[in-house]
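Summary of the model geometry
Read off the chains here:
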Amino acid sequence: MAAYGAERRVRSPAPRAGWMTQTFVHWACPVEAVRALVPEPSAVEEYEGGAWAGFTPFVTTDVRPPGVPSALPGLPGFAETGPRTYVRHPSGRDGRWFFSLEVACPVMPGARAVGAPYHPGALEVTRDGEALRCSGRRRPGRAGYRLVVCPGAPIARPTERDVWLTSRPRAYTLRPGLLWETPVEHEPWPLAEATVGEPGETLTAEAGLPAPAGELVAHFSDGVGHVRMGVPVPCARTR
């Protein structure tokens, strides 16, 4: 199992969901290249001497807005992904920074009202024997991705890097002049090793991120079923 300990409970979630069948693909990047894409006062986090870019195809399930009881069905599951990096607020709070969020659900782009960079698209995650095939394309536009993921052995004792790359208790988004913080709470990720074959994607290039120049670091997780996302709140002015 891998996760940072919850810093505080998300007592008023908006919404609840499950994040299932998740692949984490990461690679090291020059800090300067990533810093140019992240607004101040956020600071780009470094690990092993570099910034890291990530790409994480998964399936969102059972989305429930506030007040919808568990006895009623949530939204049908849909595929989602987004290129990301890791940042730190001036207060010291770390989190994910998404350059975009590609989503196969027509209602989710409404979250752009609070700065979440959603883009509608045609996305899917399918099983092919023991492997998974993840693919998608933004609509409108040409940005897209495809990859084949082969999950491996469960990771009984995650390393510090395993945790650093996969677990963050909040996400940051941008609206004109303001940085917003969204707290996230869920059970620990059950992580496994993974290999990625036939990779091909243009989402990270569309965001301005450099292409991988070295080894890809991949993890797989069957997912977490009880995700609680808090209400986004403004936390700093940008410059």
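Refer to the structure presented above.
Residues numbered from 1 in each chain as written. Predicted model: local features only at pLDDT ≥ 70, side-chain atom pairs only at ≥ 80, totals over all residues. Heavy atoms only, no water.

**Brief notes about the overall build of the protein**
The helix and strand inventory of the protein stands at three helices and 16 strands. Taken against the 2.2 N^0.38 rule, which gives 18 Å for 239 residues, the C-alpha radius of gyration of the protein at 17 Å falls within 12% of a compact globule. Sequence separation of 24 or more characterises 73% of the internal contacts of the protein that already satisfy a separation of 6 or more. Entry remark: accessible area of the protein is about 11400 Å², with carbon and sulfur atoms responsible for 55%. Within the protein, the 24 negative side-chain charges are centred at a point lying 8 Å from the centre of the 26 positive side-chain charges. (Helix = DSSP H or I, 4+ residues; strand = E, 2+ residues; numbered from the N terminus. Rg over C-alpha atoms; globule rule 2.2 N^0.38 Å. Contact = heavy atoms within 4.5 Å. Areas by Shrake-Rupley, 256 points an atom, 1.4 Å probe, with all protein chains shown as cover. Lys, Arg positive; Asp, Glu negative; His and termini not counted. Charge placed at Lys NZ, Arg CZ, Asp CG, Glu CD.)

**Observations regarding the pattern of salt bridges**
Within the structure shown, the criterion is met by 12 salt bridges. Linking Arg-138 and Glu-206 is a salt bridge whose minimum nitrogen-to-oxygen distance equals 3.9 Å. Linking Arg-138 in strand β10 (residues 131-138) with Glu-206 in helix α3 (residues 203-207), this pair joins segments that are 68 residues apart in sequence. Glu-185 is the partner of Arg-228 in a salt bridge, and the nearest nitrogen-oxygen pair spans 3.9 Å. You can see Arg-228 sitting in strand β15 (residues 217-229) and its partner Glu-185 sitting in strand β13 (residues 178-185), a full 43 residues away along the chain. Summarising the burial analysis for this pair, Arg-228 and Glu-185 share the class buried. Beyond isolated ion pairs, a larger network of salt bridges with shared partners links Glu-45, Arg-88, Arg-93, Asp-94, Arg-168, Arg-170 and Glu-181. (Salt bridge = Lys/Arg side-chain N within 4 Å of Asp/Glu carboxyl O. Buried < 20%, exposed > 50% of the residue type's maximum accessible area, 1.4 Å probe, protein only.)

**Overview of the environment of Pro-188**
In this fold, Pro-188 is placed in the loop between β13 and β14 (191-201). Here the alpha-carbon distance between Pro-188 and Val-68, two residues 120 residues apart in the chain, equals 24 Å.

**What about unusual backbone geometry?**
What you tend to see is this: most non-glycine residues have negative phi, and most peptide bonds are trans. With an omega of 15°, the peptide bond between Glu-40 and Pro-41 qualifies as cis. Tracing the sequence through the fold places Pro-41 in the loop between α1 (31-35) and β2 (43-44). Pro-140 follows Arg-139 through a cis peptide bond whose omega is -5°. Among the secondary structure elements, Pro-140 is positioned in the loop between β10 and β11 (144-154). For Glu-48, which is not glycine, the phi torsion reads 55° and is therefore positive. In this fold, Glu-48 is placed in the loop between β2 and β3 (51-55).

**A word on the pairing of β13**
Judged by how many residues are buried, β13 sits mostly within the fold: seven of eight residues are covered. As paired elements, strand β12 (residues 170-175) and β13 share six bridges and run antiparallel to each other. Bridge pairing links Thr-173 to Trp-180 in β13. In the sheet, β13 pairs with strand β16 (residues 233-237) via four bridges, with the strands oriented antiparallel. Across the sheet, the residue bridging to Trp-180 is Pro-234, located in β16. (Pairing = 2+ DSSP bridges.)

**Remarks on the packing of aromatic side chains**
Working definition: an aromatic ring pair is given by the centre-to-centre distance plus the angle between the planes. Taken as a whole and judged by the stated rule, the model has five aromatic pairs. Measuring from centroid to centroid gives 5.2 Å for Phe-24 and Trp-189, while their planes differ by 85°, and the two rings are edge-to-face. Taken together, the residues span a long stretch of sequence, with Phe-24 in strand β1 (residues 16-29) and Trp-189 in the loop between β13 and β14 at a distance of 165 residues. A centroid spacing of 5.4 Å and a plane angle of 70° characterise the contact between Tyr-86 and Trp-164, whose relative ring orientation is edge-to-face. Here Trp-164 lies in helix α2 (residues 160-166) and Tyr-86 lies in strand β6 (residues 83-88), a separation of 78 residues in the sequence. The same class applies to Tyr-86 and to Trp-164, which are both buried. What links up through ring pairs into an aromatic cluster is the set Tyr-47, Tyr-86 and Trp-164. One residue, Arg-168, lies across the ring of Trp-164, its end atom 4.7 Å from the ring centre. (Phe/Tyr/Trp six-rings, centres within 6.5 Å; stacked < 30°, edge-to-face > 60°. Lys NZ or Arg CZ within 6 Å of the ring centre and 35° of its normal.)

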